[in-house]
Amino acid sequence: MFDYHRQHGIEIRIARIFNTYGPRMNIDDGRVVSNFIAQAIRGEALTVQKPGTQTRSFCYVADMVNGLMKLMNGDNTGPINIGNPGEFTMLELAENVKELINPEVTVTMTENTPDDPRQRKPDITKAKEVLDWEPKVVLRDGLVLMEDDFRERLAVPKKTKA
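Quick caveat, the model's predicted, so the values are computed rather than measured.

### Things to note about the overall build of the protein
Right, so step 1: Regarding its fold elements, the protein presents 6 helices and 8 strands.
Right, so step 2: Going from N to C terminus, the protein has its helices and strands arranged as α-β-β-α-β-β-β-α-β-β-α-β-α-α.
Right, so step 3: Counting only C-alpha atoms and orienting by the principal axes, one finds that the protein spans roughly 60 × 35 × 25 Å.
Right, so step 4: Every one of the 162 residues in the protein was classed for burial, and the buried ones make up 37%.
Right, so step 5: For the protein, long-range pairs separated by at least 24 residues make up 84% of all intrachain contacts whose partners lie at least 6 apart in sequence.
Right, so step 6: Carbon and sulfur atoms provide 51% of the accessible area of the protein, an area that totals close to 9500 Å².

Put into structure tokens, the structure is as follows:
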């Protein structure tokens, strides 16, 4: 991209996109957030890969789109990291999903893949400075919005409290 930009004077923007989640995700895409939410809605155990202390950060889709739009409408070529720097362990994520969606499910540990990184966390300093952007939606709020969409597509209504 940069070579094409330099050689032909074409305007470009480069974003480094980090873990994004939200409604309309493929329910069975294999990503941890969609896995946990689908498992909780279906009443299945939430499967956490060992040791469960590996961290990830999750950016709600509306925040991601907002950041990308600010990048595209600005003058900075990038690269600029767009993501949420708030970190959660996989066990913390599982406990949040369990608490918010289905307190009756269990959390089970499974073997981890050998190439699984211990940490993924974007440094969004440049996005804050250049784009005046940072994510607004906290994980727990985004999980609830995602749950509603998944429940509708899975045709599993929320249990009503008697």
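Here the narrative resumes, following the displayed structure.
### Re the layout of surface pockets
Right, so step 1: Its boundaries defined by the atoms lining it, the largest pocket holds a volume of some 470 Å³.
Right, so step 2: Taken together, 23 residues form the lining of the largest pocket, with Gly30, Arg31, Val32, Arg56 and Arg120 sitting closest to its centre.
Right, so step 3: Secondary structure elements with two or more residues in the lining of the largest pocket: strand E2 (20-21), helix H2 (32-42) and strand E3 (46-49).
Right, so step 4: Of all the elements, H2 adds the most residues to the lining of the largest pocket, at 4 residues.
Right, so step 5: For the lining of the largest pocket, the class distribution of residues is 11 nonpolar, 8 polar and 4 charged.
Right, so step 6: By volume, the second largest pocket amounts to about 270 Å³.
Right, so step 7: Residue lining of the second largest pocket: 16 residues in total, with Ile101, Asn102, Arg151, Lys158 and Lys159 positioned closest to the centre.
Right, so step 8: Looking at the lining of the second largest pocket, the elements with two or more residues in it are H2, helix H4 (90-101) and helix H6 (139-154).

### Things to note about the UniProt feature "domain: NAD-dependent epimerase/dehydratase" (unreviewed entry) in the protein
Right, so step 1: Feature annotation in UniProt places "domain: NAD-dependent epimerase/dehydratase" (unreviewed entry) on residues 3-83, given in this structure's numbering.
Right, so step 2: Taken end to end, residues 3-83 has its terminal C-alpha atoms 26 Å apart, with 37% of it in helix and 21% in strand.

### Some words on the pattern of salt bridges
Right, so step 1: Tallied over the full model, the rule gives 12 salt bridges.
Right, so step 2: Here Asp28 ties to Arg42 by a salt bridge, and the two come within 3.3 Å at their closest N and O atoms. Placement of the pair is Asp28 in the loop between E2 and H2 and Arg42 in helix H2, with a sequence separation of 14 residues.
Right, so step 3: Here Glu87 makes a salt bridge to Lys121, at a shortest N to O gap of 4.0 Å. Taken together, the residues span a long stretch of sequence, with Glu87 in strand E7 (residues 87-89) and Lys121 in the loop between strand E8 (107-110) and helix H5 (125-131) at a distance of 34 residues.
Right, so step 4: Accessibility expressed as a relative area gives 29% for Glu87, which makes it partly exposed.
Right, so step 5: One salt-bridge network, held together by shared partners, links Glu147, Asp148, Arg151 and Lys158.

### Describing the pairing of E3
Right, so step 1: Only one face of E3 is covered, namely the face carrying Leu46 and Val48; the face carrying Thr47 and Gln49 is uncovered.
Right, so step 2: With 4 bridges joining them, E3 and E8 adopt parallel strand pairing. Residue Leu46 lies in a different strand from E8, and its bridge partner there is Val107.

### Digging into the packing of aromatic side chains
Right, so step 1: What the rule picks out here adds up to 2 aromatic pairs.
Right, so step 2: Ring geometry for Tyr21 against Phe58: centres 6.4 Å apart, planes inclined by 90°, an arrangement best described as edge-to-face. Residue Tyr21 is located in strand E2, and its partner Phe58 is located in the loop between strand E4 (55-57) and strand E5 (59-60); the two are separated by 37 residues in the primary sequence.
Right, so step 3: For Phe58, a relative accessible area of 5% puts it in the buried group.
Right, so step 4: Taken together, a centroid distance of 5.5 Å and an interplanar angle of 70° make the contact between Tyr21 and Tyr60 edge-to-face. One end of the pair, Tyr21, is in strand E2; the other, Tyr60, is in strand E5, with 39 residues separating them in the sequence.

Cut-offs applied
Per chain, the residues get numbers from 1 upward, laid out in the order the sequence is written. Under the rules for a predicted model, residues below a pLDDT of 70 receive no local features and side-chain atom pairs below 80 are neither given nor counted, while totals for whole chains, interfaces and linings still include all residues. Side-chain metrics in this entry use all non-hydrogen atoms of the structure; hydrogen atoms and water are not considered. Runs of H or I in DSSP of at least four residues are treated as helices and runs of E of at least two as strands, each being numbered from the N terminus. Partly exposed describes any residue whose relative accessible area lies between the buried limit of under 20% and the exposed limit of over 50%, with all areas from a 1.4 Å probe on protein chains only and scaled to the type maximum. By definition in these notes, contact holds between two residues if any of their heavy atoms fall within 4.5 Å. Per-residue and other accessible areas follow the Shrake-Rupley method at a 1.4 Å probe size, with only the shown protein chains counted as cover for residues. We place a 1 Å grid over just the protein atoms. Points where a 1.4 Å probe fits but has no way out form a cavity, open points with protein on both sides within 12 Å along at least 5 of 7 lines form a pocket, and any residue with an atom within 4 Å of a point lines it. Grid points are joined across faces, edges and corners, and a volume is the space filled by probe spheres set on the points. The nonpolar class holds Ala, Val, Leu, Ile, Met, Phe, Trp, Tyr, Cys and Pro. Asp, Glu, Lys and Arg form the charged class, and all remaining residues, Gly among them, are polar. UniProt positions are given in the numbering used here, feature names are shortened, and annotations may be inferred rather than shown by experiment. The term salt bridge refers to a side-chain nitrogen of Lys or Arg lying within 4 Å of a carboxyl oxygen of Asp or Glu. At least two bridges found by DSSP between two strands is the condition for calling them paired. Between rings of Phe, Tyr and Trp, where Trp is taken as its six-membered ring, a pair exists when centres lie within 6.5 Å; planes separated by under 30 degrees are stacked, by over 60 edge-to-face, and by other angles tilted.

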